[in-house]
Amino acid sequence: MNADQPDGGDRGTSRRTFVAATGTTTAAALAGCSSDDASEPNDERIAELVDDLSLEQKVGQMTQVALGGSAFDPDAPYAMHDDVATVGELFSELHVGSVLNGGASGPTWNGEEFVAGLNALQEFALEETDHGIPFLWGGDALHGNCFLDGCTSFPQRLNVGATRNVDLVEEAATHTGAAVAAMGGHWNFGPTVDILRDMRWGRYFEGHSEDPMLLGELGKARARGFERADRVAATVKHVGGYGTPNSGKDRGHARTSMRDLRTRQFPPYARTLEEAKTVMVNSGAVNGKPAHSSRWLLTQYLRDRLGFDGVVVSDWDDFERKISNHQYLPDTDEGWRRAVREGLEAGIDVCMCGDETPPSAFIQTTVDLVERGEIAEERIDDSVRRILELKLNLGLFAEPYAPEDEIGDLVGGAAETSERLATQSLVLLENETEALPLSGSEELLVTGPGVNRGTENRFLMQHGGWTLGWQGVEDGDLSPGGPRPRQHTIAGELEDRLGDRLTHVPTEFDPASYESIYENFDNGFFDVTDEQAEAVVDAAGDADAVVVVLGEGPHNEGFGDRDRMRFPDAQRELVELVDAETDDGTTLVGVILAGSPRGTQETFEHLDAVLFAGQPGSDAGVAIVDALFGEYNPSGRLPFTWEAHVGHVPLCYDDYPPRQSVDASDGMIQYEFGHGLSYTDWEYSELSLSPPAVDDPASTPSVTAQVTVENVGEMAGEHVVDVYNTEFYGSVLQPHRRLMGFDRVRLEAGDSETVEVHLDLSTLEVVPGDMPGVGPLVVEPGEYEVSVGGESATLTVENGASITDDQPVPGRYDIDGDGEATFDDVMALYRILE
């Protein structure tokens, strides 16, 4: 290190001596104005404020700091790092522009205390800094505002994909956004819009679907709902390609093709960006490049091609992870400097400083990079402008504080929405000889994982991660008094309805928070004690029906990675025990509480019916018990492919054929994408398309499918109508199937209805040409088979055209690799072609 170089590279030493210089102006010019105040153009006001800030203050605005368990009291010790002594000094000395509470854990579980604490901290930041710029608070309210005791925990994102109900999903997100705003928050790090392809991935439960169109539409609805409160920004994450690591391990490397990225993985991000104000970057790497260092991804694609001008935030410690995780850079001072420089050059606006990154390390290094001329100050100004515009658009300059009397009315609310989402997300996988629904008059045994050392904990399985804790409620380490979400449990609802006709024998479940994949594949340690087994045997002989709860414990990110899809040994043995101790007249039902496709045929063959409930949240008990007794007719459809064995992973439904080698038997799929049984029977007829032929897809990007749906069974129910393209022959391989549109209908027994489904022709776009896949996206001309169940119709596309992107891959003509296509590149290309 040079003698005159600041100590920004040594990230483990004290930063207490670092006190940034302060400017001489305030943000008063922006106070009281809204984003649509025309008295003076807001862009001019922001430009003036940026000019008045010192370099250190600018970089402070680009710094987001995790508060950890620190209180909102400015005088409380800052415990994450030794940059400063107190929380308040983050603002008065380091000028940080935003803070976060990671892992759905704040310094208090009480809503009134939370908003009062945030307001007090905001007041300190405004009064103790000469610029008076309010900070942004960010957090992960990902399936409800699950930071607060008594919260409504909406179904997890995997459940959301099963509902196919965009309006209801938006309704839940709207409540979440309102609750975040009432709590004093401004920035929600969702929706997660990463494509699902690999059940081994620890964040599988956070995804919505493996289908890009369905995923994008649900993500867009959730972003729109989050932001309806006006005070909250949604975040599209994790751009791009985060959900497909080849190893199945979180934050791993994805090897894929440009054709796959552009036709399947990137479109959901693009759809969701139509609504969201911010973006979070992929923590992994794609094709050998960490996303946090990819100028192609974050500038050429995201900003130049998609036109996004909002704030781009890193994920947790991901500048540092280029060193510690990817080993892309050496663990040296120069390696750290390069990590920061490449991240800023790529287009990142905000560095999220978590456990490994002291905020002063980022601030000092960035200041030094500018002062040494390695990064232009104009590049810093661009980021600060975007950050200040976000604060202005959220109304923070006009009103930096949240009312302290609103949060109480929102905590635990939207119960009807939550219950409807939970019920509509239930997927009936198996129902041999119409075992379900139960009559309600049975002697019933319910068993399965539910206690640990005497503490009831099955509810951990119904909520999953990001619920009053990163790894689930209190990270699985439950205290007797809570906190707890508002919740209805399976056993509780069964007891309310059956009384003494219910026998409940919970078995052992020890949550496995922070266990690595090499220690635990099941996100929990499961067992059946001799005493519990004896109780099961005693009750099974007298039972008319047995419900066995199966699944996995709550988990998150790398701690949730797994290499098995079968149930834990203790659960499989429990099912076999129940099967052996009951006769053929006893109905055996499995209910799966899991954030991934858990379970194989070796277990299902012992059961008469299997209900996949996912992680349905607060109203799991009501939804599941209603379905068991026929008060609700299951209507969910799988938003993913359920492989028959983990060795077949990944087999996505929209991949190119073949699924198996030549002449090999096809037993690789257990349940196809879109699978979902009902207590009634449905028939389709009279499928037609309007128009049946399209001359130019660019000017006619959608058509309407009309199909008559009839309930030919004996029970009313809801039904999801999925419309697919199932056959086409073009210039490149075509997916086996691809979802073009969907809708929901409810019909009484014997009734029928003609349903109109809008079909999005951009789902048919491919990249023609040879292997590189660098040309424009095109809907190729030809005849496309459109199918609903056994019904089909033909859509004719007369002329090929692009709907979403008529340009070749960004950077294709950047011959010298400097990020710009210039005259020098033209000349270089000319010399290549000579």
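Residues numbered from 1 in each chain as written. Predicted model: local features only at pLDDT ≥ 70, side-chain atom pairs only at ≥ 80, totals over all residues. Heavy atoms only, no water.

**Quick look at the overall build of the chain**
Here comes step 1: In terms of regular secondary structure, the chain is built from 23 helices and 29 strands.
Here comes step 2: Against the 2.2 N^0.38 benchmark of 28 Å for 834 residues, the chain shows a C-alpha radius of gyration of 27 Å, consistent with a compact globule.
Here comes step 3: Its C-alpha atoms give the chain principal-axis dimensions of roughly 80 × 70 × 50 Å.
Here comes step 4: Burial statistics for the chain: of 834 residues in total, 62% are counted as buried. (Helix = DSSP H or I, 4+ residues; strand = E, 2+ residues; numbered from the N terminus. Rg over C-alpha atoms; globule rule 2.2 N^0.38 Å. Buried < 20%, exposed > 50% of the residue type's maximum accessible area, 1.4 Å probe, protein only.)

**Quick notes on the packing of helix α6 (residues 166–183) against helix α16 (residues 415–425)**
Here comes step 1: In contact at an axis separation of 10 Å, α6 and α16 are set at 140 degrees when each is read in the N-to-C sense. Put simply, α6 runs oblique to α16. For the crossing formed where α6 meets α16, the hand is left-handed. Of the residues in α16, those in contact with Leu168, Val169, Glu171 and Ala172 of α6 are Thr417, Arg420, Leu421 and Gln424.
Here comes step 2: Residue composition of the contact of α6 with α16, by class: four nonpolar, two polar and two charged. (Axes fitted to C-alpha atoms, helices over the stretch in contact; angles between N-to-C directions. Parallel < 35°, antiparallel > 145°, perpendicular 65-115°, else oblique. Left-handed = near helix turned anticlockwise from the far one by under 90°. Contact = heavy atoms within 4.5 Å. Nonpolar A, V, L, I, M, F, W, Y, C, P; charged D, E, K, R; others polar.)

**A word on the pattern of salt bridges**
Here comes step 1: Counting across every chain of the model gives 48 salt bridges.
Here comes step 2: One salt bridge in this structure joins Arg386 and Asp309, with 3.3 Å as the shortest N-O distance. Here the residue Arg386 occupies a position in helix α14 (residues 377–393), and Asp309 occupies one in the loop between α10 (295–305) and β10 (311–313), the gap between them amounting to 77 residues.
Here comes step 3: Judged by its relative accessible area of 8%, Arg386 falls in the buried class. (Salt bridge = Lys/Arg side-chain N within 4 Å of Asp/Glu carboxyl O.)

**Digging into empty space enclosed by the protein**
Here comes step 1: Tallied over the full model, the rule gives seven cavities of 30 Å³ or more.
Here comes step 2: As a volume, the largest cavity reaches approximately 100 Å³.
Here comes step 3: Taken together, 15 residues form the lining of the largest cavity, with Leu142, His143, Phe154, Ala172 and Arg222 sitting closest to its centre.
Here comes step 4: When contributions to the lining of the largest cavity are tallied by element, the ones reaching two or more residues are α5 (157–163), α6 and α7 (212–227).
Here comes step 5: Sorting elements by how many residues they give to the lining of the largest cavity places α6 first, with four residues.
Here comes step 6: Considering only residue class, the lining of the largest cavity consists of nine nonpolar, four polar and two charged.
Here comes step 7: Taken as a whole, the second largest cavity encloses approximately 60 Å³ of empty space. (1 Å grid on protein atoms, 1.4 Å probe; cavity = no way out; pocket = protein on both sides within 12 Å on 5 of 7 lines; lining within 4 Å. Points joined across faces, edges and corners; volume = space filled by probe spheres on them.)

**Brief notes about the pairing of strand β25 (residues 717–727)**
Here comes step 1: Within β25, nine of the eleven residues are buried, which leaves it mostly tucked inside the rest of the structure.
Here comes step 2: As defined by bridge partners, β25 adjoins strand β26 (residues 738–747) across nine bridges and the pair is classed as antiparallel. Looking across to β26, one finds that Asp722 is bridged to Phe742.
Here comes step 3: Across three bridges, the pairing between β25 and strand β28 (residues 782–788) is antiparallel. Along β28, the bridge assignment pairs Asn725 with Val786. (Pairing = 2+ DSSP bridges.)

**Things to note about the sheet that holds strand β2 (residues 98–101)**
Here comes step 1: Spatial ordering of the open sheet is given by β4-β3-β2-β1-β11, a layout of five strands whose pairing is parallel. Single-partner strands in this sheet number two, and they are β4 (187–188) and β11 (351–353).
Here comes step 2: Bridge analysis of strand β3 (residues 136–139) against β4 gives two bridges, and the strand direction is parallel. When the bridges of β4 are listed, Gly139 appears paired with Asn188.

**Considerations on the confidence of the model for the chain**
In low-pLDDT regions, the fine details of the predicted coordinates are not to be read closely.
Here comes step 1: With 96% of its residues at a pLDDT of at least 70, the chain reaches an overall mean of 93.
Here comes step 2: Low pLDDT, under 50, characterises residues 1–25; the stretch is placed with 67 contacts to residues that sit more than four places away or in other chains. (pLDDT = per-residue confidence, 0-100.)

**Some words on helix α8 (residues 258–265)**
Here comes step 1: Among the eight residues of α8, seven are classified as buried, and the element is accordingly described as predominantly covered.
Here comes step 2: Buried residues of α8: Arg259, Asp260, Leu261, Arg262, Thr263, Arg264 and Gln265, and no others.
Here comes step 3: For α8, the elements touching its buried residues are α7, α9 (267–272), β8 (285–286) and β26.

**Observations regarding a nonpolar patch on the surface**
Here comes step 1: On the surface, a cluster of nonpolar side chains totalling about 310 Å² of accessible area is made up of Ile815, Ile832 and Leu833.
Here comes step 2: Positionally, Ile815 belongs in the loop between β29 (791–797) and α23 (823–833).
Here comes step 3: Residue classification places Ile815 among the partly exposed positions, given a relative accessible area of 33%. (Patch = residues over 30% accessible without salt bridge, like charges linked within 9 Å, V, L, I, M, F, W, Y side chains within 5 Å. Areas by Shrake-Rupley, 256 points an atom, 1.4 Å probe, with all protein chains shown as cover.)

**Concerning unusual backbone geometry**
Here comes step 1: Cis geometry is adopted by the peptide bond preceding Pro191, which originates at Gly190 and carries an omega value of 15 degrees.
Here comes step 2: By the secondary structure assignment, Pro191 is in the loop between β4 and α7.
Here comes step 3: The residue after Val649, namely Pro650, is reached through a cis peptide bond having omega -5 degrees.
Here comes step 4: The topology assignment puts Pro650 in the loop between β20 (642–643) and β21 (669–671).
Here comes step 5: For Thr433, which is not glycine, the phi torsion reads 50 degrees and is therefore positive.
Here comes step 6: With respect to the secondary-structure elements, Thr433 resides in the loop between β12 (427–431) and β13 (444–452).
Here comes step 7: Judged by its relative accessible area of 75%, Thr433 is exposed.
Here comes step 8: A positive phi is found at Arg453, a non-glycine position, where the angle reads about 50 degrees.

**Focus on the sheet that holds strand β22 (residues 682–690)**
Neighbouring strands of a sheet are bound in pairs by backbone hydrogen bonds; such pairs are parallel or else antiparallel.
Here comes step 1: What the three strands build is an open sheet, ordered β22-β24-β27; its pairing is antiparallel. The open sheet terminates on both sides in strands that have one partner only, identified here as β22 and β27 (752–760). Recorded for the sheet is a direction-independent mean angle of 25 degrees between the axes of neighbouring strands.
Here comes step 2: Inspection of the sheet shows β22 paired to strand β24 (residues 702–711) by seven bridges, in the antiparallel sense. Looking at the pairing, Leu689 lines up with Ala705 of β24.

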